[in-house]
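Below, each chain spelled out in residue letters.
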Amino acid sequence: MPRRRIGFWYRFAAVICKPPLVVLIKRDWRGMEHIPAEGGFITVVNHNSHVDPFAYAHYQYNTGRVPRFLAKSGLFKKGFVGAAMRGTGQIPVYRESTDALSAFRAAIDAVERGECVAFYPEGTLTRDPDGWPMTGKTGAARVALQTRCPVVPVAQWGANELLPPYAKKPNLLPRKTHRVLAGPPVDLSRFYDREMTPELLKETTEVIMAAITRLLEEIRGEKAPEKPYDPRRERIEQRRRTQAQSGRERTQAPAGKEQESGT
């Protein structure tokens, strides 16, 4: 299947975005040979800075296979931003959908048309204290199992040094290096022809996230934690700690009052 033309809007966005990116960050980009020359596929990318969608888009734009990112549907509705989102072929996600698979129908259609769809499977900026990938959401796994397309894992590091997660001001000096490493497609064939249960999607997602993490270990020259950071588990544990603290305070309060009264 032939690749889609880049088109006016993507070229226009590149004219605007590439010059500041070239000025602000150096580039150490590897693995472009793993980006398919033709046909639909998915890239799955770690997310550690509000800058990295632009930096990563620059990387993939240079391969000739531009990414179509998933974005909130509201961004497509009004003004210049909406026109740019539609013109560059970004994919709206309708979060109000009650059918998890239909929420990604546009992504499935794009892959089947021969497009590249770029997923941030964590769903948000990583909350891991050291910047490692968190547990992933199942959207990329759903589309991958539905289409059986290549799933190319990609790790990136460096945009987070320019603008750390949740920071408001960039750290411009010294000039940072954006490191990207794409790997060979993840083998998901053992998950095909099976019922798409939550357990299957979770297992598929874990395989995808492990591939991204291995690439990031190579970039950073470090070993990732044995278990990825799980925001849901952390919220549960935080609630338990808060409840335990409240319980201790309640049991200690009477003793404190007795001391104050001199009894």
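Criteria and thresholds
Residue numbers here run from 1 along each chain, matching the order of that chain's written sequence. Totals for whole chains, interfaces and linings use all residues, but because this is a predicted model, local features are given only for residues with pLDDT of at least 70 and pairs of side-chain atoms are given and counted only at 80 or more. For the side-chain quantities, the full set of heavy atoms in the structure was used; hydrogens and water were omitted. Throughout this description, buried means an accessible area under 20% of the type-specific maximum (1.4 Å probe, protein chains only), exposed means over 50%, and partly exposed covers the range between. Each helix corresponds to a stretch of at least 4 residues labelled H or I by DSSP, and each strand to a stretch of at least 2 residues labelled E; elements are numbered beginning at the N terminus. For two strands to count as paired, DSSP must find a minimum of two bridges between them. Whether two residues are in contact is decided by their heavy atoms: any pair within 4.5 Å suffices. In this scheme, patches are assembled from residues that exceed 30% relative accessible area and form no salt bridge. Like charges are connected within 9 Å, while nonpolar side chains (Val, Leu, Ile, Met, Phe, Trp, Tyr) are connected within 5 Å. The Shrake-Rupley method, run with a 1.4 Å probe sphere, supplies the accessible areas, and residue values consider only the shown protein chains as cover. Definition used for salt bridges: Asp or Glu carboxyl oxygen within 4 Å of a side-chain nitrogen of Lys or Arg. Positive charges come from Lys and Arg, negative ones from Asp and Glu, while His and the chain ends are left out of the count. By convention, the point assigned to a charge is CZ for Arg, NZ for Lys, CD for Glu and CG for Asp. pLDDT measures how confident the predictor is about each residue, on a scale from 0 to 100. A fitted line through C-alpha atoms represents every axis, and for helices the fit uses only the stretch in contact; the resulting angles, taken between N-to-C directions, go from 0 to 180 degrees. By the definition adopted for this analysis, an angle is roughly parallel if under 35 degrees, roughly antiparallel if over 145, roughly perpendicular if from 65 to 115, and oblique otherwise. Less than a right angle of anticlockwise turn of the near helix away from the far helix marks a crossing as left-handed, whereas a clockwise turn marks it as right-handed.

Here the focus is the pairing of strand S7 (residues 176-182). Working note: regular strand, side chains alternate between the two faces of the sheet. The element S7 is largely enclosed, with a buried count of six among its seven residues. In the sheet, strand S1 (residues 25-30) pairs with S7 via six bridges, with the strands oriented parallel. Within S7, the residue paired with Asp 28 across the bridge is Arg 179. Of the strand pairs in this sheet, strand S6 (residues 151-157) and S7 are connected by four bridges, and their pairing is antiparallel. Note that in S7 the partner of Trp 157 across the bridge is Arg 179.

So, on to the environment of Gly 139. Looking at where Gly 139 falls in the secondary structure, it is placed in helix H5 (residues 139-147). Residue Gly 139 is classed as buried on the basis of its relative accessible area, which comes to 9%. Sequence spacing of Gly 139 and Tyr 120 is 19 residues, and the spatial spacing of their C-alpha atoms is 9.3 Å. For Gly 139, the residues in contact, after removing those within four places along its chain, are Phe 104 and Phe 119.

A surface patch of positive charge is lined by Arg 127, Lys 137, Arg 232, Arg 235, Arg 239 and Arg 240. Mapped onto the elements of the fold, Arg 240 is located in helix H8 (residues 231-261).

Let's shift gears to unusual backbone geometry. Leu 173 connects to Pro 174 through a cis peptide bond whose omega is -5 degrees. Tracing the chain through its elements places Pro 174 in the loop between helix H6 (159-162) and S7. For Arg 148, which is not glycine, the phi dihedral falls at a positive 55 degrees. Mapped onto the elements, Arg 148 comes out in the loop between H5 and S6. Judged by relative accessible area, which is 42%, Arg 148 ranks as partly exposed. The backbone of Tyr 166 shows a phi angle near 65 degrees, a positive value even though the residue is not glycine. Relative to the helices and strands, Tyr 166 resides in the loop between H6 and S7. Residue Tyr 166 is classed as partly exposed on the basis of its relative accessible area, which comes to 47%.

Here we take up the confidence of the model for the protein chain. Summary statistics for the protein chain give a mean pLDDT of 88 and a share of 89% for residues scoring 70 or more. When the criterion is pLDDT under 50, residues 258-263 qualifies, and its contacts beyond four places in sequence or with other chains add up to one contact.

Read from one edge to the other, the open sheet built from seven strands follows the order S1-S7-S6-S2-S5-S3-S4, with strand pairing classed as mixed. Unpaired on one side and paired on the other, S1 and strand S4 (91-93) mark the two borders of the sheet. Taken pair by pair, the neighbouring strands of this sheet meet at an average axis angle of 25 degrees, ignoring direction. Relative to S6, strand S2 (residues 41-45) is paired through four bridges, and the arrangement is parallel. Bridge pairing in S6 links Val 44 to Pro 153. The strands that helix H1 (residues 7-24) touches are S1, strand S3 (67-72) and S7; relative to S1, the one it contacts most, it runs at about 110 degrees. Contacts from helix H2 (residues 52-61) reach S1, S2, S3, strand S5 (116-119), S6 and S7, with the element oriented near 50 degrees to S1.

We now examine the packing of H1 against H2. One can describe the packing of H1 onto H2 by two numbers: an axis separation of 10 Å at closest approach and a directional angle of 115 degrees. One way to sum up the angle between H1 and H2 is to call them roughly perpendicular. Here H1 and H2 pass one another in a crossing that is left-handed. Across from Tyr 10, Arg 11, Ala 14, Cys 17, Lys 18, Leu 21 and Val 22 in H1, the residues of H2 making contact are Phe 54, Ala 55, His 58 and Tyr 61.

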